Amino acid sequence: MTMTRTLGRSGITVSAVGMGCWAIGGPLWGDGGQPFGWGEVDDDESVRTIHRALDLGVTLFDTASNYGAGHSERVLGRALAGRRDGAVIATKFGNRSDEASRRWTGTDASPAYAVASLDESLRRLGTDHVDLYQLHINDLPASAALDLIDTLEGLVTQGKIRAYGWSTDNPSSARAFAEAGPHCTAIQHDESVLHDNPDMLAVCDSLDLASLDRGPLAMGLLTGSTRAVGRDDVRGVAPEWLVWFTDGRPTPQWSARVTQIREALTADGRTPAQGALGWLLARSPRTVPIPGCRTVAQAEENFATLALGPLPAEAFAEVERLLADLRPAGAAR
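What you are looking at is a predicted structure, and each value in this text was computed from that prediction instead of being measured.

### What about the side chain of Arg294?
- Along the chain, Arg294 turns up in the loop between strand E14 (287-289) and helix H10 (296-303).
- Of the residues examined, Arg294 reaches a relative accessible area of 17% and is grouped as buried.
- Separated by 2.6 Å, the side chain of Arg294 and the backbone oxygen of Trp38 make a polar contact.
- Setting aside chain neighbours within four positions, we find Arg294 in contact with Ala23, Ile24, Trp38, Gly39, Glu40, Val41, Glu45, Ser46, Thr49, Arg227, Asp233 and Arg235.

Right, dumping it as structure tokens:
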């Protein structure tokens, strides 16, 4: 039986682990040659990966208008053709990009762009509605986010979206947005065994929101892989916020922490990735990790977690003991 969770106050049922679709977008470039994608990708393998995820019980697929400058949405739409009814599609808006050059061209938080971006996403996805529409500007002032509420509620009324949310790591902003928006149902934020966010989980608890967990495998660090990545990969020229990799290789001090908890994560026979996902499922009933996949093998490993379930209580406790120094002092847990 596939493990499921409820997507906050929307009541939408989703698989307890979803598929992140950033990597299948392929390259995207920012200013100064900064890579915003995960390098070249095989679209046919991406489609096979999505199909395998569906077969393993995955129903939630998280993408964005700017992943590969729209390419991720196109590939997801192709893969879901004829299977749309079995999928919950989450996409995002707020980052402009040029499809022809595959370049990021800046942010736009205007209500008009929220509407226009949705129409483009629907066209690329080949569907008439998106289940979860998420603001994709992490550090946007709450006042600007609140200016979007009426527009987003209007899109719900029109049937173009079922619910909406915000991808942000600011708990106070998330709280203000969710309190103002009747159909706000999820906050997407950084959450992994190496980076717990109890304050954001407390917001989700208090307002009946889902916690969509991006970076659940610390951008691949928690898989235990030590291979180097190229300079067309966001990890190869890591921006300031990406601490897990340095010059395309796992950052030594973080690799050491993964080694430290490996035995606890794998105590019941899981792989390290399955253990890290299981930790998230044990952490809160609201968490829905969305690991990225671009191969069938990655899908099979990650989504086996739906059958394995949460990390056992004793293993979870041991991980917490080993990582106590990383846990925010005095934060809600």
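### Let's talk about the packing of aromatic side chains
- One pass over the structure, following the stated rule, counts 8 aromatic pairs.
- Aromatic pair Trp22 and Trp38: ring centres 5.4 Å apart, planes at 85°, arrangement edge-to-face. Here Trp38 lies in the loop between strand E3 (19-20) and helix H1 (43-55) and Trp22 lies in the loop between E3 and H1, a separation of 16 residues in the sequence.
- Residue Trp22 is classed as partly exposed on the basis of its relative accessible area, which comes to 22%.
- Aromatic side chains Trp244 and Trp254 sit 4.7 Å apart centroid to centroid with 80° between the ring planes, which places their arrangement in the edge-to-face category. Placement of Trp244 in the loop between strand E11 (210-214) and strand E12 (245-246) and of Trp254 in helix H8 (residues 252-265) is noted, with a sequence separation of 10 residues between them. Across the pair, Trp254 and Trp244 agree in class, each one buried.
- Clustering of aromatic rings is evident, with ring pairs tying together Trp22, Trp38 and Tyr67.

### Quick notes on the pairing of E11
- Here E11 lies mainly inside the structure; 4 of its 5 residues are buried.
- The sheet contact formed by strand E10 (residues 184-190) and E11 spans 5 bridges and is parallel. Bridging from a neighbouring strand, Asp190 pairs with Arg214 of E11.
- For the crossover from E10 across helix H7 (residues 198-207) to E11, the handedness is right-handed.
- Of the strand pairs in this sheet, E11 and E14 are connected by 3 bridges, and their pairing is parallel. The partner of Leu212 across the bridge, within E14, is Val288.

### What to know about the side chain of Arg124
- Relative to the helices and strands, Arg124 is located in helix H3 (residues 111-125).
- We classify Arg124 as buried; its relative accessible area is 10%.
- For Arg124, the side chain forms a polar contact with the side chain of Glu99, separated by 3.1 Å.

Rules and cut-offs
Residues numbered from 1 in each chain as written. Predicted model: local features only at pLDDT ≥ 70, side-chain atom pairs only at ≥ 80, totals over all residues. Heavy atoms only, no water. Helix = DSSP H or I, 4+ residues; strand = E, 2+ residues; numbered from the N terminus. Buried < 20%, exposed > 50% of the residue type's maximum accessible area, 1.4 Å probe, protein only. Polar contact = N/O pair within 3.5 Å; in protein donor to acceptor, adjacent residues only side chain to side chain. Contact = heavy atoms within 4.5 Å. Phe/Tyr/Trp six-rings, centres within 6.5 Å; stacked < 30°, edge-to-face > 60°. Pairing = 2+ DSSP bridges. Right-handed = clockwise from strand over helix to strand, strands pointing away.

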